[in-house]
Every structure is written in structure tokens, then in C-alpha cells.
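This is what each chain is made of:
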Amino acid sequence: MKVDDRHYRSIWLDADGWSVAAIDQRKLPHEFVVAQLTTCEEAADAIRTMLVRGAPLIGATAAFGIALAMRQDSSDDGLDRAYQTLVVARPTAINLEWALEKMRATLGPLDPAERVDAAYARADEILEQDVAINQGIARHGLPLIEAIAARKEPGEPVNVLTHCNAGWLATVDWGTATAPIYLAHEQGVAVHVWVDETRPRNQGAALTAWELGHHGVPHTVIPDNTGGHLMQHGMVDLVIVGTDRVAGNGDVCNKIGTYLKALAARDNNVPFYVALPSPTIDFSVSDGIRQIPIEQRGAIEVTDMTGRTADGRVETVRIVPEGSPVANYGFDVTPARLVTGLITERGVLKPNRAALAAAFPERAGAVK
Ligand code: MRU
């Protein structure tokens, strides 16, 4: 997608042919900085510190992390160590383990001397697959927006509410929740996006607003608690969110606060859709609420906020009294019964095991 009219992806192989370039998402929206990752440890650190974030991008970064590791040590031990270093970088998004499993399945049977080239090639495939999947999500999600547009006056926008950032920054390109929105915008369907700020890290205010703005998509940033009010007043036509893991039973894990939006949507008869690439499905989990590990992050994300001062400096300030305890759960689980449909690269599915397994039989048979 576009940054200042230039096409970017969130991550790419650098011009040197081996190091990895990634947009440093901790710096947005105030500074556009491209970081260089040169080792497996740096890739793991980028995931841990959220230099890169978003389920599909975490997976793509881990794939490159394995490739970087192979340059240093392509033995069986080296592969194993790299896998173990990366898999614990963040716990909730299953795309991390999915990508690492793909890398291990490709590299494991090979002679160590062949592993560096094979790792870069497989990582590249994972990146390209992500883009193709998201374009599929765009195609299948577009009719949902078009159907609402058809019921409106010409030019009256379809109002989509989204939470967190499931945009192109969270993937390699296009995003998941944003993919149908970008396609609708490209095809001249009027859309307007309500962007939840998404405390505590403000991925909506900082990232979704930034990317929609650069791409010219009309949007409005709202405090997290505003969605219910807007829905009561007919100001939201549909909700589209992303996800970090969809359980086999259709339960959806996503950024903390998603569940409350789903409750408000149900109470107001607003359709609640989840956009997901198939690597986000975890058939081994049968009960999302009880079985998906929920990341808890540091208190500092809640106690402190970073922004730009009037004179242009980026500063961090404390907003919570010293000594007040803080809880920082990164994700919550929306039960399948609150989900209208799952927008996947193979169509819009009912949120249940039968529909998921029928659409992705090759995944349903595997453990993850
Ligand atoms: O903590 P984050 O910023 O990695 O959380 C990201 C989300 O919750 C996204 O909605 C999810 O990863 C889907 S990204 C296409």
C-alpha cells in the first residue's frame, strides 16, 4: 500500500540480498523509520518489542529470522535453536508457530549446506502467499460492502468500524480487515472507517489511521468506548476486525476490546465480521476462551503514553498515579456465537468447525 504515494510493504529483503528491512512500527505515526534485521536474535527482538506486530507479519518476520539464523549456523542444532528462540517471542498469534513449522518442514530434510538458500526462498514464498491470501480476503469481503452501498444514496459512505490494526502494516501488504476496504475504495465504492484508538498501545490511532490516511481512505479516529454509542445511532454499517488466532470452534481471539465491540454489535444488529488468513486458524484449539494463551504485557504500556509535543519532539509521559497496580491483557476472545461471518481467502464462512474444516480440509487434518 502507499506511503507518500510510494508503494511499500511492511517487510522486505534488503538490497544487499540477505538482511531484512522492516518498517519500525514503534515509531509511527511520528517518524517513518526502516529498521535492518541482521540476525535471528534481532528478528526475535523485533517481534518481542513490537517493532513488527500483527499476526501475519509476526509469522513473516519469524520466517526471515530462520533464514538469518541459517547464515550463522545451518546445522540441525542451529535450526532447532532458531526455532526455539523465535517461537516464544509472542504467545497469542498462531501465525508465528505456523510460519516456523513451514520453515522447519522445508529445511529439516535438507543437507545443511543447502539450507541458507532454501530458507530465503521459503520465507519469500510465505511473504508472497500472505499478499495473495489478503487479496483473496479483499475479493470475498468486497460484496459485503457493496451490498450495503447498494442500499444507500449514491455517494453516501458505508461506515465500517475496525479495532486495532489489521491493516497492511500488520501483514506483508493489503491487511486482512482493511483488504476489502482498500478494494472498495479502489473500485470507487464510498467507504468511511471508524478507527478505534485501541488502548493501551494505540495501534488504531497510530497505525490504522496513518495507513488509511496515506492511502486516501476517509476515516475518523474514535476513543475505544465510542463504538456502542455510534451503533445505537445507526452510524456503523458493519464491523470488520482481524484476528490473532481462530479456534476450531470459530471463537476469535483478537486485540483486547474486540469482544466488547462484538457485544455492542449484537445488541444493535450490526454485522460483525472477522477477516482472517487461513494460517490464523488453529484447529488444535477447540475452545478459544479457555485454551488460547492471552499475552500479558508490561505495565508501562498502560501507565505511559507517547506523543508529539507542540514543538515537534516525541515524548513519553506518565498518566497513571505512581504506585497504582495495572493489568495489561493484550487480547480477548469473542465467542463464535457473536461472529456474523469469517472472511477468508476461500470465501465468507460460518464461524464453526464444520465450515472451517470444509473450506480448509488440508489444515483441519493437521495438528496446527
Ligand atoms: O498486539 P498486536 O498489535 O500484534 O495485535 C494485532 C491484532 O490484534 C490484529 O488485529 C491481528 O494480529 C490481526 S492482523 C491482520
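See the structure printed just above.
Residues numbered from 1 in each chain as written. Predicted model: local features only at pLDDT ≥ 70, side-chain atom pairs only at ≥ 80, totals over all residues. Heavy atoms only, no water.

(A) View of the nonpolar core. Judged by nonpolar contacts, the single largest core of 83 residues is most densely connected at Ile11, Ile66 and Trp168. Residue contributions to this core reach at least three from each of two domains, namely domain 1 (2–128) and domain 2 (136–364). Ignoring anything within four residues of it in the chain, the contact list for Ile11 reads Val20, Ala21, Ala22, Leu57, Ala60, Thr61, Phe64, Leu127 and Val172. Val274, Phe283, Leu349 and Ala355 belong to the second-largest nonpolar core, a separate cluster that totals 27 residues. (Core = buried A, V, L, I, M, F, W, Y, C linked by side-chain atoms within 4.5 Å. Buried < 20%, exposed > 50% of the residue type's maximum accessible area, 1.4 Å probe, protein only. Domains from an automatic or database assignment. Contact = heavy atoms within 4.5 Å.)

(B) Quick look at the site of the ligand. Near the ligand there are 18 residues, and of these Arg53, Arg90, Gln203, Asn254 and Lys255 occur at the shortest range. The contact in question runs from an oxygen atom of the ligand to an N or O atom on the side chain of Arg90, over 2.8 Å. Protein chains shield 100% of the accessible area of the ligand, which is 410 Å² for the free molecule. Broken down by secondary-structure element, the contributors of at least two residues to the shell around the ligand are α2 (55–72) and β11 (252–255). Each residue belonging to the shell around the ligand can be placed in one class, and the counts come to seven nonpolar, seven polar and four charged. Shared between two domains, the shell around the ligand holds at least three residues of each, these being domain 1 (2–128) and domain 2 (136–364). (Near = heavy atom within 4 Å. Polar contact = N/O pair within 3.5 Å; in protein donor to acceptor, adjacent residues only side chain to side chain. Areas by Shrake-Rupley, 256 points an atom, 1.4 Å probe, with all protein chains shown as cover. Helix = DSSP H or I, 4+ residues; strand = E, 2+ residues; numbered from the N terminus. Nonpolar A, V, L, I, M, F, W, Y, C, P; charged D, E, K, R; others polar.)

(C) Fine view of the packing of helix α1 (residues 40–48) against helix α3 (residues 76–87). It is at 9 Å that the axes of α1 and α3 come closest, and there the two elements cross at 15 degrees. When the axes of α1 and α3 are compared, the pair comes out roughly parallel. In the packing of α1 onto α3, the handedness of the crossing is right-handed. The segment α1 lies against α3, with Cys40, Ala43, Ala44 and Ile47 engaging Ala82, Thr85 and Leu86. (Axes fitted to C-alpha atoms, helices over the stretch in contact; angles between N-to-C directions. Parallel < 35°, antiparallel > 145°, perpendicular 65-115°, else oblique. Left-handed = near helix turned anticlockwise from the far one by under 90°.)

(D) How the structure looks around the pattern of salt bridges. If you walk through the whole model with that rule in mind, you get 20 salt bridges. For Arg81, the salt bridge identified is with Asp73, shortest N-O distance 2.8 Å. A residue is classified by how much of its surface remains accessible, and Asp73, at 25% relative accessible area, is partly exposed. The partner of Arg245 in a salt bridge is Asp282, and the shortest N-O contact between them spans 2.8 Å. You can see Arg245 sitting in strand β10 (residues 245–247) and its partner Asp282 sitting in strand β13 (residues 281–282), a full 37 residues away along the chain. Judged by its relative accessible area of 6%, Arg245 falls in the buried class. (Salt bridge = Lys/Arg side-chain N within 4 Å of Asp/Glu carboxyl O.)

(E) The arrangement of the packing of aromatic side chains in detail. Counted by the stated rule, this structure contains four aromatic pairs. Consider the rings of Trp168 and Trp210, whose centres lie 6.3 Å apart with planes at 40 degrees: the pair is tilted. Taken as a pair, Trp168 in the loop between β6 (158–162) and α6 (179–186) and Trp210 in helix α7 (residues 203–215) lie far apart in primary sequence, 42 residues in all. A relative accessible area of 0% means that Trp168 is categorised as buried. Among the aromatic residues, ring-to-ring pairing joins Tyr8, Trp12, Phe32, Trp168 and Trp210 into one connected group. (Phe/Tyr/Trp six-rings, centres within 6.5 Å; stacked < 30°, edge-to-face > 60°.)

(F) Structural detail: the sheet that holds β11. Read across the open sheet, the four strands follow the order β13-β10-β11-β16; overall the sheet is mixed. Each having just a single partner strand, β13 and β16 (331–334) make up the two edges of the open sheet. Two elements, β11 and β16, share four bridges in a ladder whose sense is antiparallel. Each bridged residue has a counterpart across the sheet, and for Asn254 the counterpart in β16 is Asp332. On top of the sheet, helix α9 (residues 258–267) reaches β11 and β16; it is set at about 30 degrees to β16, its chief contact. (Pairing = 2+ DSSP bridges.)

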